[in-house]
Amino acid sequence: MVMHIPFDNTYAHLGPLFYSKQLPEPVTAPQLIAFNQPLADLLQVSGNSAQEQAQVFAGNQMPSGADPLAQAYAGHQFGTYNPQLGDGRAILLGEVLGQDGKRYDIQLKGSGRTPYSRRGDGRAWLGPVLREYVISEAMHALGIPTTRALAAVATGETVWREGGMPGAVLTRVAASHLRVGTFQLFAARGEIAALRQLTDYAINRHYPQAQGPMGLLRAVRDAQARLIAAWMSVGFIHGVMNTDNSSISGETIDYGPCAFMDHYRADQVFSSIDRMGRYAYSNQPSIAVWNLAQLATALIQQLDDPQQAVDEATEIVHAMPALIEAEWLRLFRRKIGLETAQDADMELISELLELLEQGQADFTNVFAALGDGDARDQFLAPEAFDGWERRWRQRCAQEQDPKAVMRAANPVYIPRNHRIEEMIADAVAGDLSLFERMQQVLANPFTVQADAEDLRRPPQENEVVAATFCGT
Ligand code: AMP
Ligand code: MG
């Protein structure tokens, strides 16, 4: 049987301003590392041998119906506008309708040079590919909107980074790859017809109930507000929240130097390129608002009454911090077992976070332990926790089933940095067992599993990962 992917492409019909048609560059010796069968089933991607999957998902063989292209976009990188980014190492093969009735992009990442590659080689190495595979699938299992990983293929070629690294291609699946930066591209160039076309396309594809550009802005705001609050609730730091990495659908996209925190620190930064801490953990809500303001600026270019548009967009953007905070509060209430709302809850949660920071306590493990009643041992100075615990227990007494709420809200397993690093080192040495085990355990992050205690353990001092790298 030949691999069949039921493509149903729409982006390719937008016209040449939106992309460059581009074939992937074939690789010498593709070898399948991972294939996500449940996701393939959802996408109705069927086919047989690993060999054939390797050929297709390395970009060596085009499945019928594919319309390969590199998407054009721009974006603010660390606050500075770059008028021309685009897929420098990614190729959109096309779209499929999933069994859930939703539309998905299937994209190869690391598939060779495109007109947007600038000085890049268009490639990816195994480390970031497996990193994105594990972390994006873990994010999905945590119930947080994200792009997903369909396949990982080793290319058999060497990619030059700090040294020679094994090359790989990731097949990424997304609700779409429309970004804030896609809108910025046309707005900045004054290409208003294309901007209108893109706006209609995005509304149609993601928010059919939204009315006009300001309706779209509102819908993206709401989706992004939910996303950022969800990241905060699991201690996730994206690391590169540039506007080209900020998705219109509200999914987590572009897993670069991202990381989940071990011990809690509000101003935690991992990315080696984020020297100013622009994308620190606690800055993520403000950056999301900043990014939405850039989308607003782009969208209003197409409106006839600029003053009225500015007023409306301003109001929409200004409402975002309160929306993030409300969702944050709802999620953190659940993390301490509360389903009902009381005014003092915010203070109770903030105090716990302060205790976590002072006590250098593990974010994930403390919340997971709250429900089991043994969080105290996790703090450097447990006495400081006692007073808080007393007040928290009184508050919980007014709830129906706080333990069940906490169990559903607090993951036991997150993809910890030091294990990700270990997994990559193993994979480079040819051992995929940790890669496979992490996927298996992280697929059920809320359930304690046998023989997985090592994946709960925070890093020892010598295992702490101080910095993460873009891996481009
Ligand atoms: P990112 O930091 O991954 O969001 O990428 C920012 C921009 O750099 C995008 O336009 C990418 O396509 C491009 N880029 C990143 N890595 C490479 C590479 N190895 N070759 C070509 N372009 C790249
Ligand atoms: Mg990007």
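Cut-offs and rules
- Starting from 1, residues in each chain are numbered consecutively following that chain's sequence as written.
- Working convention: letters from A go to chains and numbers from 1 go to ligands, in the order in which they are written.
- Residues qualify for local features only when their pLDDT is at least 70, as the model is predicted, and side-chain atom pairs are given and counted only at 80 or more; totals for whole chains, interfaces and linings, by contrast, use all residues.
- Based on all heavy atoms of the structure, the side-chain values leave hydrogens and waters out of the count.
- Whether a residue is near a molecule or strand depends on its heavy atoms: if one lies within 4 Å, it is near.
- Throughout this description, a polar contact denotes any pair of N or O atoms lying within 3.5 Å of each other; where both atoms belong to protein, one of them has to be capable of donating a hydrogen while the other can accept it, and for residues adjacent in sequence the pair is counted only when both atoms sit in side chains.
- Residue exposure ignores everything except the shown protein chains as possible cover, and the areas themselves are Shrake-Rupley values with a 1.4 Å probe.
- Residue ranges for the domains trace back to a domain assignment, done automatically or taken from a database.
- Donors, by definition, are the N, O and S atoms found within 2.8 Å of a metal, the threshold being 3.2 Å for Na, K and Ca, and water is not counted, so a site can look incomplete.
- Buried residues are those whose accessible area, probed at 1.4 Å on protein chains only, stays under 20% of the maximum for their type, while exposed residues exceed 50% and partly exposed ones sit between those limits.
- In this text, helices come from DSSP runs of H or I with a minimum length of four residues, and strands from runs of E with a minimum of two, each type numbered from the N-terminal end.
- Residue contacts are defined here by distance: any two heavy atoms, one from each residue, within 4.5 Å place the two residues in contact.
- Side-chain atoms within 4.5 Å link the members of a nonpolar core, which is a set of buried Ala, Val, Leu, Ile, Met, Phe, Trp, Tyr and Cys residues.
- Each residue after the first adds 1.5 Å to the expected span of a helix.
- Stacked, tilted and edge-to-face are the three classes assigned to paired rings of Phe, Tyr and Trp, where Trp is represented by its six-membered ring and a pair needs centres within 6.5 Å; plane angles under 30 degrees give stacked, over 60 edge-to-face, the rest tilted.
- By definition, being over a ring means that NZ of Lys or CZ of Arg is both within 6 Å of the ring centre and within 35 degrees of the ring normal.

Draft legend 1. Geometry of the site of ligand 1. Looking at ligand 1, there are 18 residues lining it, with Gly86, Gly88, Asp121, Gly122 and Asp254 nearest. One nitrogen or oxygen atom from the side chain of arginine 118 is found 3.1 Å from an oxygen atom belonging to ligand 1. Within the side chain of asparagine 245, a nitrogen or oxygen atom sits 3.0 Å from an oxygen atom of ligand 1. For ligand 1, the accessible surface in isolation is 480 Å², of which the surrounding protein chains cover 86%. In terms of domain composition, the shell around ligand 1 takes at least three residues from each of domain 1 (11-174) and domain 2 (180-329).

Draft legend 2. Broad picture of the coordination of the magnesium ion (ligand 2). The protein atoms that coordinate the magnesium ion (ligand 2) are Asn245 (OD1) and Asp254 (OD), at distances of 1.8 to 2.1 Å. Aspartate 254 shares its class with asparagine 245; the two are buried.

Draft legend 3. Here's a closer look at the environment of glutamate 137. The residue glutamate 137 is located in helix α3 (residues 126-141) in this model. Through-space distance from the C-alpha of glutamate 137 to that of aspartate 372 is 27 Å; in sequence the pair is 235 residues apart. Setting aside anything within four residues of it in sequence, one finds glutamate 137 in contact with Asn36, Glu132, Arg148 and Ala149.

Draft legend 4. Main features of the nonpolar core. By size, the foremost hydrophobic cluster in this structure holds 126 residues, and its most contacted members are Phe183, Leu217, Ile336 and Leu370. Sorting elements by how many residues they give to this core places helix α6 (residues 212-233) first, with 13 residues. Those residues in contact with isoleucine 336 that lie beyond four places of it in its chain are Leu348, Ile349, Leu352, Phe367, Leu370, Trp388, Trp392, Cys396 and Met406.

Draft legend 5. Fine view of helix α14 (residues 417-428). The end-to-end C-alpha separation of α14 is 17 Å, in line with the 16 Å expected for 12 residues at 1.5 Å each. Those residues of α14 that fall on the buried side of the exposure criterion are Asn417, His418, Arg419, Ile420, Met423, Ile424 and Ala427. Looking at the buried residues of α14, the elements they touch are β8 (124-125), α3, β12 (259-260) and α15 (433-442). Downstream of α14 by one or two residues, glycine 430 has phi in the positive range, about 95°.

Draft legend 6. Representation of the packing of aromatic side chains. For the structure on display, the rule yields 19 aromatic pairs. Their ring planes at 70° and their centres at 5.5 Å tell us that tyrosine 133 and phenylalanine 435 sit as a pair that is edge-to-face. Residue tyrosine 133 is located in helix α3, and its partner phenylalanine 435 is located in helix α15; the two are separated by 302 residues in the primary sequence. Each member of the pair, tyrosine 133 as well as phenylalanine 435, is classed as buried. Chaining the aromatic ring pairs together yields one cluster made of Tyr264, Tyr281, Trp328, Phe332, Phe363 and Phe367. If you follow arginine 179 out to its NZ or CZ, it ends over the ring of tyrosine 73, 4.1 Å from the centre.

Draft legend 7. Representation of the side chain of arginine 395. Examined against the element boundaries, arginine 395 turns out to sit in helix α12 (residues 383-396). Within polar-contact distance, the side chain of arginine 395 engages the side chain of glutamate 399 at 3.1 Å. Excluding residues that lie within four positions of it along the chain, arginine 395 makes contacts with Leu338, Thr340, Ala341, Gln342, Asp345 and Leu348.

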